[in-house]
Amino acid sequence: MKVGTVGLLAALGMTLTSVSVWSLTPEASQDPQAPVVGSDLVIADPGPAQPVIRADFTAGSTVMVEGRLGNGVMQAGRDNETYLMARVFADGNARASEAAPVNLAIVIDRSGSMKGKRMENAINAAKGTIAALNRGDVVSVIAYDAEAETLVQATTIDEISRQRVTEALSNIRAVGDTCISCAMDAAERALANRDGMVNRVMLLTDGEPTRGMKDVSGFERMSSRLRDKGISVSTIGVDVDYNERILSAIARESNGRHYFVENADSLTKIFEEERNALKQTVAKDTELVVDLAPGIRVEKVFDRAFRQEGNKLIVPMGTVSGGEEKTLLVRLSVPRGAEGERAVAKIDLAYQDLVERRRGSCNGELAALISSDPAKLTPMDPFVAARVGRSETAQSLLDANALFAQGRVEEAQKRLTAQLEELNRRREEASKQPNFAPKADKDFDKQEAALGAANSGFAQPPPPPGAAPAKPAPETRKGKAQTRSNAEAAADLAF
């Protein structure tokens, strides 16, 4: 066969094959969503993207922030109310390579009521604290009665100065009245102009202020001023005759702790606890900023000092030690809006990182889902429910104290009982949630224990037949001790 004939037949075969393939192929669909034929893979329409519920987050390294909304899904077509909780914490294993330098003022009441064993124990506890300070730490010692006296000006600790400071403590003698505001002014001056250090005042008293400032609001303002200078004040009330409202207010407003020491023998333990917290400090100048989305309104900020600038809540949190946590609770109003994702807030945490020796920061965002489907609505998050309970329990303890001080013992006990019932209701609801965890359960246990102790402490058994009438309950040592214990528990629950 000639070459030309072979070429012609080959071309004809290729043409027939092409025609056959074309004739067996279906006409292309004009529908862009139609499935592809001739393949095992069928691509279905994914539909519109589903909104994501971003009702919690955790972020950070040395210091972390956890944000939570009380309700992740809320009702469409109406205004809603929920809670925002932020938890600032450091892992218990977090440690700086070197302990942060401490700038400490030890402030001791030397009024006449401190005479004897109280003063002896206070001095011994202070000596133990000074003995444990690191080289390079700075300490001041202030004693006060009707006025404050700085026994030891700000002194950098080394082996020689440590001995001199310790000896100065032995010169404190108990006489005179009590001017707590004088002591705080002196402490503020003593701690001034020390950059890069952890500033702390340890303030001890066993009595009411009889000189200087005497009102709670005045002490709140003074404490806020110290806080704004990076100074926190931990207050220690000794025995049962000090003013627990004043000491609690000082600690709360300055981001310090409040302690009740019924027996002065326990002072060494309290000083040691504060000293260890200082040594384990991993961050200072810690500040939360809650930037609310448009339309979201603040109804109430619980338990903490703050300032508001437009849509932003700015909350100073002070220092953070390894294993420590601090919380913020805010009640929010969420106005009605369209279905779908609803931005609620962005939370930013900034701090001076004493582990990495730099500025640290972390953040996260919270958003809810607005739905018209009642089946999708979510009950309150159990961790938020426990934190709401803490604020309510703290307030009930303080309310009961006020009623008890007026001699309205039965009303005080009824207030505590009502809160216990509400607490149990919250616990029962929270326990039904899939993310209910031992941590939340322990939170409820702690509140229940505080309420039970308060109710029991306020109980007054009737006098035996023929016995002289008993003192009014608020005037008994037991009653006074319980109100001080309640104030300490309230300060701790709200921390």
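The sections below set out a description of the structure shown in this document.

Parameters at a glance
Residues numbered from 1 in each chain as written. Predicted model: local features only at pLDDT ≥ 70, side-chain atom pairs only at ≥ 80, totals over all residues. Heavy atoms only, no water. Pairing = 2+ DSSP bridges. Helix = DSSP H or I, 4+ residues; strand = E, 2+ residues; numbered from the N terminus. Axes fitted to C-alpha atoms, helices over the stretch in contact; angles between N-to-C directions. Core = buried A, V, L, I, M, F, W, Y, C linked by side-chain atoms within 4.5 Å. Buried < 20%, exposed > 50% of the residue type's maximum accessible area, 1.4 Å probe, protein only. Contact = heavy atoms within 4.5 Å.

Strand order in this open sheet of six strands is β3-β17-β16-β11-β14-β13, and the pairing throughout is mixed. If you trace the sheet from one side to the other, it starts and ends with β3 (73-75) and β13 (307-309), each paired once. The mean angle between the axes of side-by-side strands here comes to 30°, regardless of whether they run parallel or antiparallel.

Core analysis: the largest hydrophobic core is formed by 38 residues, its most contacted members being Leu288, Val290, Leu328, Ile347 and Leu349. Elements represented by at least two residues in this core include exactly β1 (56-60), β2 (64-69), β4 (80-89), β11 (281-292), β14 (312-321), β15 (325-334), β16 (340-353) and β17 (358-371). Leave out the neighbours within four places in its chain, and leucine 288 touches Val65, Ala86, Val88, Leu313, Ile314, Val315, Met317, Leu328, Ile347, Asp348 and Leu349. In this structure, Ala100, Leu169, Val238 and Ile270 belong to the second largest nonpolar core, which totals 36 residues.

Across the 10 residues that make up β15, a large majority, eight, are buried. The pairing of β4 with β15 spans 10 bridges and is antiparallel. Pairing of tyrosine 83 across the sheet is with arginine 331, part of β15.

Structurally, valine 301 can be placed in strand β12 (residues 297-302). Sequence spacing of valine 301 and leucine 84 is 217 residues, and the spatial spacing of their C-alpha atoms is 9.7 Å. Each residue touching valine 301, except ones within four places of it in the same chain, is listed here: Phe306, Leu313, Leu328, Leu329 and Val330.

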